[in-house]
Amino acid sequence: MNQLEKIREKIGVCDDKIIDALAERMVYIQEVISYKKATGIPILQEDQEKKQTDMLEKKLAENEFEEEILDIFKYIMKNSRRVQAKSLFDYNVFLIGFMGAGKTTVASELQRKLEMNRVEMDQRIVEKQGMSVSEIFDEYGEAYFRNLESNCLIELQHEKQCIVSCGGGVVMRDDNAAHMKANGRVVLLKADPATILERVKDSDERPLLNNNMNVEFISSLLDKRREKYRAVADIVVETDGKSIDEICDEIIAKLIEYDNNREAEQ
Ligand code: S3P
């Protein structure tokens, strides 16, 4: 064995140690989650991640490879979040609610917090069709768009661990509830008509509102849909006056409570 091969062999031994240490670390992450779930301690404690980073910086202060090792730890923590989410939510999370209820914003924050995949239903449809939502409505009509939504939900039954931001009208087809529940939980985000108007008023990508951008129209459409939203939802979260962070923490806590209750019933 030449000199280079010997060095490579030593690197291989280091890799084995890293693999063992990482696997052991991930098991502890799962233990933390089980403990938090059982005791009701909040699952996401972002200040804890900050404490860990401070501690690592201290430990590595004199280390020649401080920057590189800290960079690796960023990925370790990111993947710890992924392990955490996998042991919590082994299914898709469907965010439903009226246009402007905050589904897209909440989905992207949940994606960051949980390292889960994110699916924007409207965007998926737009990409597949090569047309905007408004163009699809204009050219083929609403019923055609609703078929595309249903197909998208059926496709998602084969995916896992996605935060799905649904189009606001997804509850209009009765079958869609079953498509979502086959492999997921349904979270209803609620907002007042005035809040909704404030959030959507500058958009022209919502054909149903294009000539109806006012509180009265939003209220009346919301009244027509309210019961459908409620009937499909596994959990409900009010968004008015809350920060994105609060909304996400509430969703996570309520999903865990919902799953615990289901488990207890079985
Ligand atoms: C719709 C909501 C929109 C989009 C389409 C129809 C609806 O999605 O799917 O314009 O019927 O409420 P957002 O709720 O994401 O805006």
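Just so you know, these numbers come straight off a predicted model, no measurement behind them.

1. Regarding the overall build of the chain
Check the secondary structure of the chain and you find 11 helices and five strands. If you line up the chain on its principal axes, its C-alpha atoms span 75 × 45 × 40 Å. Looking at the chain as a whole, 38% of its 266 residues are labelled buried. Put simply, 74% of the contacts in the chain that link residues at least 6 apart link residues at least 24 apart. In the chain, which carries 39 positive and 52 negative side-chain charges, the distance between the mean positions of the two groups comes to 2 Å.

2. Let's talk about the site of the ligand
Every one of the 14 residues lining the ligand counts as a neighbour, but Lys 103, Arg 146, Gly 168, Arg 206 and Arg 225 are closest to it. A distance of 2.4 Å is found between an oxygen atom of the ligand and a side-chain nitrogen or oxygen belonging to Lys 103. Take Asp 122: an N or O atom from its side chain is 2.9 Å from an oxygen atom of the ligand. For the ligand, whose free accessible area comes to 380 Å², the fraction covered by protein is 96%. Tallying contributions element by element places helix H7 (residues 142–156) first for the shell around the ligand, with three residues. Classifying every residue of the shell around the ligand gives five nonpolar, three polar and six charged.

3. Examining the nonpolar core
Ranked by size, the top nonpolar core spans 29 residues in total, and within it Ile 96, Phe 98, Leu 156, Val 164, Cys 166, Val 170 and Met 180 carry the most contacts. Elements represented by at least two residues in this core include exactly strand E1 (92–96), H7, strand E3 (162–165), helix H8 (174–181), strand E4 (184–190), helix H9 (193–200) and helix H10 (215–232). In this view, Ile 96 contacts Lys 103, Cys 166, Val 170, Val 171, Met 180, Val 186, Val 187, Leu 188, Leu 189, Tyr 229 and Val 232; residues no more than four positions away in its chain are not counted. In terms of nonpolar packing, the next biggest core, distinct from the first, is built from 26 residues, Leu 88, Met 116, Val 237 and Ile 252 among them.

4. Quick look at a nonpolar patch on the surface
Residues Leu 4, Ile 7 and Ile 11 make up a contiguous nonpolar surface patch of about 270 Å² in total accessible area. As for its position among the elements, Ile 11 is in helix H1 (residues 3–39). Note on Ile 11: relative accessible area 48%, which makes it partly exposed.

5. Observations concerning the domain arrangement of the chain
Domain assignment breaks the chain into domain 1 (3–88) and domain 2 (92–265). Taking the mean C-alpha position of each, domain 1 and domain 2 sit 34 Å from one another. Contacts between the two partners involve 10 residues from domain 1 and, on the opposite side, 12 residues from domain 2. Both faces combined, the contact of domain 1 with domain 2 buries some 1,000 Å², and carbon together with sulfur accounts for 52% of it. Its largest share of buried area at the contact with domain 2, domain 1 owes to Lys 37, Leu 44 and Arg 81, together 43% of the area lost on that side. Applying the counting rule to domain 1 against domain 2 returns two salt bridges. Here Glu 115 and Lys 78 are joined by a salt bridge, their closest N and O atoms 3.7 Å apart. Between domain 1 and domain 2 we count three residue pairs in polar contact (both at pLDDT 80 or more) in total. Element by element, the count of residues in the side of domain 1 that touches domain 2 is highest for helix H3 (residues 66–88), at six residues. Residues belonging to the side of domain 1 that touches domain 2 are distributed by class as follows: four nonpolar, no polar and six charged.

Calculation criteria
Residues numbered from 1 in each chain as written. Predicted model: local features only at pLDDT ≥ 70, side-chain atom pairs only at ≥ 80, totals over all residues. Heavy atoms only, no water. Helix = DSSP H or I, 4+ residues; strand = E, 2+ residues; numbered from the N terminus. Buried < 20%, exposed > 50% of the residue type's maximum accessible area, 1.4 Å probe, protein only. Contact = heavy atoms within 4.5 Å. Lys, Arg positive; Asp, Glu negative; His and termini not counted. Charge placed at Lys NZ, Arg CZ, Asp CG, Glu CD. Near = heavy atom within 4 Å. Polar contact = N/O pair within 3.5 Å; in protein donor to acceptor, adjacent residues only side chain to side chain. Areas by Shrake-Rupley, 256 points an atom, 1.4 Å probe, with all protein chains shown as cover. Nonpolar A, V, L, I, M, F, W, Y, C, P; charged D, E, K, R; others polar. Core = buried A, V, L, I, M, F, W, Y, C linked by side-chain atoms within 4.5 Å. Patch = residues over 30% accessible without salt bridge, like charges linked within 9 Å, V, L, I, M, F, W, Y side chains within 5 Å. Salt bridge = Lys/Arg side-chain N within 4 Å of Asp/Glu carboxyl O. Domains from an automatic or database assignment. Buried area = accessible area lost by both parts, 1.4 Å probe.

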